[in-house]
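Chain and residue survey
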Amino acid sequence: MNAIEIKNVVKTYPEFTLGPIGLEIKQGEFFGIFGPPSSGKTSILKLILGLIDPDEGQVIISDQDAKELGVAERGMSMVFQNLALFPHMTGRENIIFPLKERGASDEEMSRQLDLVSDVLHISHILHKNPAQMSGGERQRIALGRAFAANSRAMLLDEPIAALDARLREEMRVELKRLQRENNQTFVYVSHDEEEVMAISDRLAVVIDGKIAQIGAPDDVYSRPNSLSVAEVIGSPPMNFFQGQFSDDGQFFDVESLGGRLPVAGNIGKGGKATLGIRPEDIWLVQDGEDTDFELSISSVEPLGGYTILNAHLGDQIVKIRAPGQVNVAEGSTQKVSFDQRRIHLFSDNGARL
Amino acid sequence: MSSIQINSVTKRFGDFTAVDDLSLDIQEGEFVALLGPSGCGKTTTMNMIAGLEDTSEGSILFDGQDLSKTRIQDRNIGFVFQNYAIFTHLSVYKNLSYGLEVKKISKSEVDRRVRAMADRMSITHRLDQPASSLSVNEMQKLAIGRSAIVEPRIFLLDEPLSNLDAGFRAYMRAELKVLQHEFGQTMIYVTHDQIEAMSLADKIAIIDQGKLMQYGSPLDIYNSPDNRFVANFIGSPRMNLIDGEIREETSQLKLMVRGGAEIPLQGQVKSDFTSDGRVHSGSFGIRPQDIYFGDKRSTKDIEMHGTVEVLERVGPKRIVHLQVLETSFIAFDDQDQLKLGDEVPFFMPPDKSMAFDVVSGRRLGVV
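From a predicted model like this one, the values you see are computed outputs, not experimental measurements.

In terms of regular secondary structure, chain A is built from 8 helices and 20 strands. For the C-alpha atoms alone, the extent of chain A along its principal axes is close to 75 × 45 × 35 Å. Looking at the 353 residues of chain A, the share that counts as buried comes to 43%.

Below is the structure:
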C-alpha cells in the first residue's frame, strides 16, 4: 500500500513553480528527498503535511484524498530544521507532550520515552530546559518528540544538519534502525547527498522544482538518468568531458584528453555529447598495461582509506579516487585507464544516452 | 616566509584553560592544519600566533624572534576567514591592489604584482569587473589572492571553506593546495573537518581540550595514532573502537565486551595488549576498510560472526553495520553481496588491529 501519493501536483509561487510532481511512497519505506538548496524539497513536505495546498493535482494519504483531511487528521509528525520546543518545559515534558494530549497511559508514555532516549542518546539531558541545551541537544529532543508521538509517517527536514560530523554518522544509523523497528514511513529531506544516499531505501532527486529521478541509491548512483542528476550525486563529483562521437559511432573523441574511447552500442554518430566518469572509475595503470590517457598530477590528497589525485586539464580539475594509500609524486605524469563499463554519456540537452 | 616555534604556550580565560602547555614547531613553507572539535582551543592558538591574543605562559617565536611586543599590523600576517571580507563594490583589480597601496608601493610595481596574481588565479579577464559579479568560486580565489599578494610572512586561514557546498569544497581543496605550493608560504589552517586537514596539510596538529594530542603528517597520524582520541577523530567512517575487559579463558586471551561479545586476541594485537602487564581493560581498534569477508586469508586473522543490521551506500561503496550481540562493527561490503539480516563471518588481521588503554587512552605496544 502507498502511505503517501502525490499525483501531478503543481504549486505556483511568484518566482518559482513546483511541479508537476508525481511520487509514490510505500508504507514502511524510508524515502529520501534530495536536491540543492531552494530546489523545492521543503515545499513537498509541506504539501504532504497540509501546510500548503496544491494549485493542481492531488495528495493522497493512505488512499484518501488529503483535501478532505485537516493537518491533524493526516497523522504526520514533522521535524523542521528550525525546531520549535516549548521553552518552559523540560526535555522530558517536551517529548511526552503529544502523548499526553492524546491521553496516553503513564505506562505507554514511559515506554516511548525510554525507547527514544535510548536511540537518541538523550537520557542525560531530559531534565534540562531547552535554553540550557546545545543546538545539537535541542535537535535530538525535537526528534524524540516527533518519534514518541508514534504517528502514521514522519516528515523530516534536514533533521541532523546542525550536528557535528561524527554525531551525524551515528545518528543516521540510529534513525534508520528506529524506522525499521517501528516499521514507520519516513520522508527525509536533505541537501547532503551522502546522507540521503546512505539512509534512504529510495530517493527522489529534486532539481528546479521538478523530480529529476526516483530510484534506489545504488541505481541513482550507477545510472543517473541525466547530466543534472550526475552533477549532484557523488562526492567528489563526477568528472565531465565535452567531446564528439566518431562518424561511425564506434568511438568518442575527447579533445581535452587528447584521445578517444570505444563506445559500446550504437548511441550516436558524429554528434557532440558529454562524457562523465566517477573519480573511482579512473584507474591508475603501470607501464605495459592498457593506457587510455596520460594526466599530469597537480596535487595529491592522502585520506588514509583512499587517495584523491587531482590533475589540472585546462580550466578543469580531473579527480581520481584511488583505493588505499598510493605513492604518486605531485607534478608527475600518470597513466590512467577509464573503466569502460562505467562511463556515462549525456546528449546536448542533458539526457542519458 | 617564516618558521614558527610555539614553546609551552598556555592560555587562560579566568578559570578556564583554553590552551594547555602546547608546543609546536612549524617549518618555513610548511602547511600545518590545527584540527580539533569545536571549543578545543585551535582558534585561540591561531589568535595567539596572529597576536590577537596574548599568551598566559610560554612564548611564540618567528624565525627565532619574539614578536610579542610588535604591533599586529607590523607582524606581516595574512588572514583568510570564513567570510571572505571582499570589497564587493570595488573592482577585482582594486581588491587586489588595496593591500599594496596601503604599503605605499610604487604604482608600476603594484600593477605588475596585481597582474601576476590575477594570472596565477586565472581571473585576469575579470580584473575590471566589480567583485560582486564574481562567482563564489572566483570570490574564494580573490579572497586568498588579496591576502597572498602582500607576501605575508605567514598565512592564517580560519575555516575558509566551511561555507561552501560539498562538491565545490572538494574542488577548492585541490586549488588551495596548488596555490600553497606556488606561493611556498608558511600556512596555518584551522579546521574541524578531518578530511580537509588530511587532504591539504603537510602536517596536522590535533588538539583536544587545549592539549596537543598528536603532531605529524596525515598518513602517519592515520596509520599510527598515538591515542584513542586521535584514532577516533581521524578517518571516515570512523575506526571501530571497542572497549572491554582483557581476560584469559582456556588459554585464549580475549577482549570481553559488555553485552557478551568476545574478541579473540592473537598475533600482533595480542602482544600489544599484553605489552603493559598492568592494563586490564582495553580498547580494540580496527579501521572499517581493514575488515574483510569471504575466505580467510591467514590463519592468524581474527574471525568473528555478525548479523548485517544496516547497509548504507556511501560514495562508491556500501558500508555495512554488523551486529555481534550488543556490539556493532562497521566495515565495507567489499564484495558487494551482503544482504540485510545475513549472518556472516568476518575477519580482522591482527597486524591491522590496534590496542589502547581505556583509562588513559594511550596506544599500547607498537609505537
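Secondary structure assignment for chain B yields 9 helices and 19 strands. Seen through its principal axes, chain B has C-alpha atoms that stretch 85 × 45 × 35 Å. A fraction of 68% describes how many contacts in chain B between residues 6 or more apart in sequence connect residues 24 or more apart.

Turning our attention to the domain arrangement of chain A. Residue and element names in this part refer to chain A. Taken as a whole, chain A is organised into domain 1 (2-232) and domain 2 (239-346). The distance between the C-alpha centroids of domain 1 and domain 2 comes to 38 Å. Taken together, the contacts link 4 residues of domain 1 with 4 residues of domain 2. Taken together, the residues that form the side of domain 1 that touches domain 2 break down as 3 nonpolar, 1 polar and no charged.

This part is about the interface of chain B and chain A. With 29 residues of chain B at the contact, the number on the chain A side is 31 residues. Broken down by secondary-structure element, the contributors of at least two residues to the side of chain B that touches chain A are α5 (166-183), α6 (194-200), α7 (218-223) and β15 (302-314) of chain B. When its residues are assigned to classes, the side of chain B that touches chain A shows 16 nonpolar, 7 polar and 6 charged.

To continue, consider the nonpolar core. Membership of the largest hydrophobic core comes to 184 residues, with the highest contact counts inside it found for V187, Y188 and V205 of chain A. At 7 residues, the largest contribution of residues to this core is made by α5 of chain B. For V205 of chain A, the residues in contact, after removing those within four places along its chain, are F34, G35, A212, Q213, V220, V229, V232 and I233 of chain A.

Let's shift gears to the pairing of strand β9 (residues 202-207) of chain A. Residue and element names in this part refer to chain A. Pairing between strand β3 (residues 30-34) and β9: 4 bridges, direction parallel. Within β9, the residue paired with F31 across the bridge is R202. Where β9 lies against strand β10 (residues 210-215), 5 bridges are found, and the strand directions are antiparallel. By the bridge assignment for β10, L203 is matched with G215. Between the end of β9 and the start of β10, which pair antiparallel, lie 2 residues, with D208 showing a positive phi angle near 50°.

Residues lying three or four places apart along an α-helix face the same way, a consequence of the helix completing one turn every 3.6 residues. Residue and element names in this part refer to chain B. Taking 1.5 Å per residue, 18 residues should reach 26 Å; α5 reaches 25 Å between its end C-alpha atoms and fits that length. Within the sequence span of α5, burial applies to A170, Y171, M172, R173, A174, E175, L176, K177, L179, Q180 and F183. At the exit of α5 stands G184, carrying a positive phi of roughly 65°.

This part takes up the sheet that holds β9 of chain A. All names here are of chain A. Judged by pairing direction, the sheet is mixed, and its 6 strands sit side by side in the order β6-β7-β8-β3-β9-β10 without closing on themselves. The open sheet is flanked by β6 (76-79) and β10, the only strands paired with a single partner. Pairwise comparison of adjacent strand axes, ignoring direction, gives a mean angle of 15° for this sheet. The sheet contact formed by strand β7 (residues 153-157) and strand β8 (residues 185-190) spans 5 bridges and is parallel.

So, on to the sheet that holds β15 of chain B. For sheets, the rule is that strands pair by backbone hydrogen bonds, running either parallel or antiparallel. Residue and element names in this part refer to chain B. An order of β17-β16-β15-β18 is seen for the 4 strands of this open sheet, with the pairing classed as antiparallel. With partners counted over all chains shown, the strands left at the sheet margins are β17 (327-332) and β18 (343-348), one partner each. This sheet shows a mean twist of 45° between the axes of neighbouring strands, independent of strand direction. Relative to β18, β15 is paired through 6 bridges, and the arrangement is antiparallel. Paired with H305 across the strands is P345, a residue of β18.

Residues and elements named next belong to chain B. What the domain assignment lists for chain B is domain 1 (4-232) and domain 2 (238-357). Relative placement of domain 1 and domain 2: their C-alpha centres are 39 Å apart. Taken residue by residue, the interface counts 4 residues in domain 1 and 7 residues in domain 2.

What follows covers helix α2 (residues 92-102) of chain B. Residue and element names in this part refer to chain B. Among the residues of α2, V92, N95, L96, S97 and L100 are the ones counted as buried. In this structure, the buried side of α2 is in contact with α3 (107-120) and α4 (136-148). Positioned one or two residues after α2, K104 has a phi angle of 60°, which is positive.

This part takes up the pairing of strand β2 (residues 16-26) of chain B. Consecutive residues of a regular strand have side chains that alternate between opposite faces of the sheet. Residues and elements named next belong to chain B. Where strand β1 (residues 4-13) lies against β2, 7 bridges are found, and the strand directions are antiparallel. In the strand pairing of β2, V9 is matched with L22. Between β1 and β2, which pair antiparallel in sequence order, lie 2 residues; one of them, G14, sits at a positive phi of approximately 60°.

Of the residues in chain B, 98% reach a pLDDT of 70 or more, and the chain-wide mean stands at 90. This prediction of the complex comes with two scores: 0.87 for pTM and 0.85 for ipTM.

Residues and elements named next belong to chain B. Of note, R362 is situated in the segment after β19 (354-357). Separated by 137 residues in sequence, R362 and P225 have C-alpha atoms that sit 9.2 Å apart. Discounting chain neighbours no more than four positions away, the residues touching R362 are N227, F356 and D357.

Attention now goes to the packing of helix α2 (residues 91-101) of chain A against helix α3 (residues 106-120) of chain A. Residues and elements named next belong to chain A. For the pair α2 and α3, interaxial distance at closest approach is 10 Å and the crossing angle is 130°. Between α2 and α3, the interaxial angle falls into the category oblique. The chirality of how α2 crosses α3 is right-handed. For the pair α2 and α3, the contacting residues are R92, I95, I96 and L99 in the first and E108, M109, Q112, L113 and V116 in the second.

Basis of the calculations
Residues numbered from 1 in each chain as written. Chains lettered and ligands numbered in written order. Predicted model: local features only at pLDDT ≥ 70, side-chain atom pairs only at ≥ 80, totals over all residues. Helix = DSSP H or I, 4+ residues; strand = E, 2+ residues; numbered from the N terminus. Buried ≥ 20, exposed ≤ 12 C-beta atoms within 10 Å, placed from the backbone. Contact = placed C-beta atoms within 7 Å. Domains from an automatic or database assignment. Nonpolar A, V, L, I, M, F, W, Y, C, P; charged D, E, K, R; others polar. Core = buried A, V, L, I, M, F, W, Y, C linked by C-beta atoms within 7 Å. Pairing = 2+ DSSP bridges. Expected span 1.5 Å × (residues − 1). Axes fitted to C-alpha atoms, helices over the stretch in contact; angles between N-to-C directions. pLDDT = per-residue confidence, 0-100. Parallel < 35°, antiparallel > 145°, perpendicular 65-115°, else oblique. Left-handed = near helix turned anticlockwise from the far one by under 90°.

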